[in-house]
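# Topology and contacts: notes
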Amino acid sequence: METTTRELKVRPGPGREYPILIGNGILRKLPEHIRRISGSCRVLVVTDKNVGRFHLKPVMKNLSGAGIDAEAEELPVGERYKNFGSYQKIVRRLAGLDDARDLIVVAFGGGVVGDLAGFAAATYRRGIPLIQAPTTLLACVDSSVGGKTGFDLPQGKNLVGSFYQPNLVLIDLDTLKTLPAHEFQSGMAEVIKYGLILDERFFARLEREIVMLPAHDSAPLAAAVERCCAIKAKVVGRDERDTKGVRAMLNFGHTFAHAIEAACGYATYSHGEAVAVGMICAAELSARSGYLKSNDLERIERLIEKAGLPNKIKGSTADELIEYMQRDKKTRTGKLRFILLERIGRAFVSDAPPLKDIRAVLKKRIVSF
Ligand code: NAD
Ligand code: GLY
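Each chain has its residues counted from 1, running along the sequence as written. The lettering of chains begins at A and the numbering of ligands begins at 1, in the order of writing. Local features in this predicted model are restricted to residues of pLDDT 70 or higher, and side-chain atom pairs are both shown and tallied only at a pLDDT of 80 or more, whereas totals for entire chains, interfaces and linings draw on every residue. As a rule here, side-chain values cover all heavy atoms of the structure and leave hydrogens and water aside.

What follows covers the sheet that holds strand E2 (residues 16-23). Across the sheet, which stays open at both edges, the seven strands sit in the order E1-E2-E9-E6-E5-E3-E4 with mixed pairing between neighbours. Two strands lie at the open edges of the sheet, namely strand E1 (6-13) and strand E4 (69-75), each paired on one side alone. Ignoring which end each strand starts from, the neighbouring axes of this sheet average 20 degrees apart. In this sheet, E4 lies alongside strand E3 (residues 41-48) in parallel orientation, the contact comprising seven bridges. Counterpart to valine 43 in the pairing with E4 is alanine 70. Taken strand by strand, helix H1 (residues 30-37) contacts E2, E3, strand E5 (102-109), strand E6 (130-134) and strand E9 (168-172), and its axis lies near 145 degrees from that of E5. Sheet strands touched by helix H8 (residues 219-238): E1, E2 and E9. Its angle to E1, the strand with the most contacts, is close to 15 degrees. Each pair of strands is called paired provided DSSP finds at least two bridges between the two strands. For the purposes of this entry, the term helix denotes a DSSP run of H or I that reaches at least four residues, the term strand denotes a run of E that reaches at least two, and both are numbered from the N terminus. Fitted lines through C-alpha atoms give the axes, limited to the stretch in contact for helices. The angle between two N-to-C directions lies from 0 to 180 degrees. Any two residues having at least one pair of non-hydrogen atoms within 4.5 Å are treated as being in contact.

Structure below.
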């Protein structure tokens, strides 16, 4: 079904801007968008085997039908393939396609594909045009917008990377209909995050509409994705390179979440589930630190529960989680920082509150088997 296309602009810096298009069935217009970037080009569509199985055939057929010379690179699935080997595969494939014409990369998949293909586009011939066509809810509302690209090393996540903005973000909500329910739910944590950090009205809307989001052709889903992208675009416009403490707010709940994911061996919680529990912990820490009111804290817990996301930590202890946070601190900024809430819709960056408060917050959430 084709519905109205919603359009937003990202303005990451002076004189630079690119559109985000959101709608159902709009992937069909991919050839027109490619032609607008270059009249004479070869295209590499990068995807993974899951997305490829469901969606690649019509995309490639559409491109060849429009006379566009396109090939596809299907990567293996999952975070463990967000690595140097996959990056090499993409750039080698680009080298094989390279002739006198322009080269364009289409990143067609979730955040893993988007980050890898984005980094390949950023670095091949010092930068070639890139279209982000996200297919997970997380990628629609977060990773496809804002230009963070890269891959993981055995020593840590996203250690190799760059900021490289796409020419276009093309969000076809119809692709989400094949997304497994737990992946959709994972993205929902990030959707809630936007309301919490910067938009109380959006949060209130989610309280009413969250159960309607999983319908891929629903107006509430399109509106929610648009609102999240608008907030992300605004944040990126103010702090593209994550140096001013504005983009850092997007990491609300993530200090807890990274520790939960690591301590529980990455198997118990998906990233979105860990973010959900992490956001509750961060909200509770905000309340203990004298900022957030108890009524707001209860609203946050209720919405996360309504979204079907977890609110408890199983399989770790407070001391273990604190140790993971300290370790993360050493490998990253050298300083343990938290994003706290003054109220729903207003977040700020804070130095770490007293350890006893962090421990108390964790203890309240931990359940033993
Ligand atoms: P993902 O790309 O691994 O996709 C999740 C799963 O869904 C995979 O199994 C994938 O094959 C499958 N899938 C994707 N689209 C599908 C579809 N339409 N139908 C059926 N299956 C589909 O994971 P993700 O959650 O999209 O992204 C996580 C990654 O994003 C992480 O590597 C994270 O670091 C990165 N990330 C980047 C940014 C950024 O700003 N660049 C922001 C947030 C997260
Ligand atoms: N998802 C974090 C960022 O884009 O900065």
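On we go.
This part covers the site of ligand 1. Proximity is defined per residue: any heavy atom of the residue falling within 4 Å of a molecule or strand makes that residue near it. Contacts to ligand 1 come from 26 residues, most closely from Asp48, Glu79, Thr135, Thr136 and Thr178. Pairing of N or O atoms within 3.5 Å defines a polar contact, subject to two protein rules: one partner must be a possible hydrogen donor and the other a possible acceptor, and residues neighboring in sequence count only if both atoms are side-chain atoms. Within the side chain of aspartate 48, an N or O atom sits 2.7 Å from an oxygen atom of ligand 1. Threonine 178 is positioned such that a nitrogen or oxygen atom in its side chain is 2.7 Å from a nitrogen atom of ligand 1. Its free accessible area being 860 Å², ligand 1 has 87% of it covered by the protein chains. Of all elements in the fold, only helix H2 (49-65), helix H4 (111-123), helix H5 (137-143) and strand E8 (156-163) reach the threshold of two or more residues within the shell around ligand 1. Ranked by residues supplied to the shell around ligand 1, first place goes to H2 with four residues. Each residue is assigned to one class: nonpolar for Ala, Val, Leu, Ile, Met, Phe, Trp, Tyr, Cys and Pro, charged for Asp, Glu, Lys and Arg, and polar for all the others, Gly among them. When its residues are assigned to classes, the shell around ligand 1 shows seven nonpolar, ten polar and nine charged. Only the protein chains shown count as cover for residues, and the accessible areas themselves come from Shrake-Rupley with a 1.4 Å probe.

The next subject is the pattern of salt bridges. Within this document, salt bridges are pairs made up of a side-chain nitrogen of Lys or Arg and a carboxyl oxygen of Asp or Glu, the two lying within 4 Å of each other. Evaluated as defined, the whole model comprises 31 salt bridges. Across the pair aspartate 69 and arginine 101 runs a salt bridge, and its minimum N-O distance is 3.3 Å. With aspartate 69 in strand E4 and arginine 101 in the loop between helix H3 (84-97) and E5, this pair connects stretches of sequence that are 32 residues apart. With a closest N to O distance of 2.8 Å, aspartate 99 and arginine 101 form a salt bridge. A cluster of three or more residues bridged by salt bridges with shared partners is formed by Arg42, Asp69, Asp99 and Arg101.

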